[in-house]
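Here is what each chain is made of, one letter per residue.
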Amino acid sequence: MKHPQGDREWKSSRLGGFGMADIQQAAGDAVVLRLCRPSPHGDVVWYEYAPIIDGGPQRLSHHMMASPESAAKLARQHGYEPADTVIDFEIP
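Conventions used here
- Residues numbered from 1 in each chain as written.
- Predicted model: local features only at pLDDT ≥ 70, side-chain atom pairs only at ≥ 80, totals over all residues.
- Heavy atoms only, no water.
- Core = buried A, V, L, I, M, F, W, Y, C linked by side-chain atoms within 4.5 Å.
- Buried < 20%, exposed > 50% of the residue type's maximum accessible area, 1.4 Å probe, protein only.
- Helix = DSSP H or I, 4+ residues; strand = E, 2+ residues; numbered from the N terminus.
- Pairing = 2+ DSSP bridges.
- Salt bridge = Lys/Arg side-chain N within 4 Å of Asp/Glu carboxyl O.

## Overview of the nonpolar core
Counting residues in each nonpolar core, the largest one holds nine residues, listed as Val-31, Leu-33, Leu-35, Trp-46, Ala-50, Ala-83, Ile-87, Phe-89 and Ile-91. When residues of this core are traced back to their parent elements, those giving at least two are strand S2 (30–37), strand S3 (44–53) and strand S5 (82–90). Tyr-47, Ala-71, Ala-72 and Val-86 belong to the second largest nonpolar core, which has five residues in total.

## A few points about the pairing of S3
Here S2 pairs with S3 via eight bridges, running antiparallel. Considered in S3, the bridge of Ala-30 is made with Pro-51. Between S2 and S3, which pair antiparallel in sequence order, lie six residues; one of them, Gly-42, sits at a positive phi of approximately 115°. The sheet contact formed by S3 and strand S4 (residues 56–57) spans two bridges and is antiparallel. Paired with Ile-53 across the two strands is Gly-56, which belongs to S4. The turn joining S3 and S4, which pair antiparallel and follow one another in sequence, is formed by two residues; a positive phi near 55° is taken by Asp-54.

## Some thoughts on the pattern of salt bridges
All chains considered together, the criterion is met by three salt bridges. For the salt bridge of Arg-59 with Glu-48, the shortest nitrogen-to-oxygen distance reads 3.1 Å. In this pair, Arg-59 is assigned in the loop between S4 and helix H2 (68–77) and Glu-48 in strand S3, connecting sequence segments 11 residues apart. Taken individually, Arg-59 and Glu-48 each receive the classification buried, so the pair is uniform in this respect. Linking Glu-81 and Arg-76 is a salt bridge whose minimum nitrogen-to-oxygen distance equals 3.5 Å. Owing to a relative accessible area of 41%, Glu-81 belongs among the partly exposed residues under this scheme.

Spatial relationships are all this shows, so hold off on functional conclusions.
This is the structure we're talking about:
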């Protein structure tokens, strides 16, 4: 499934496949993303929340959190209720 802002792929951290239709049906108006960027010294991983806009998650780049719980807490502080699902997102 293509990311709404480019050629990057969305994929789920849950088994069984988690597509955009599932995101639209998830409880909450945001999701937590687990972002991964390959590096020569090992993958760099951080978490962000992404509001659901026009049926899909809209990635915000103004925050990088160390845990899914901290990203969910920040989403709540900004008025969003995140779904319980964490979605993997790989940045090339």
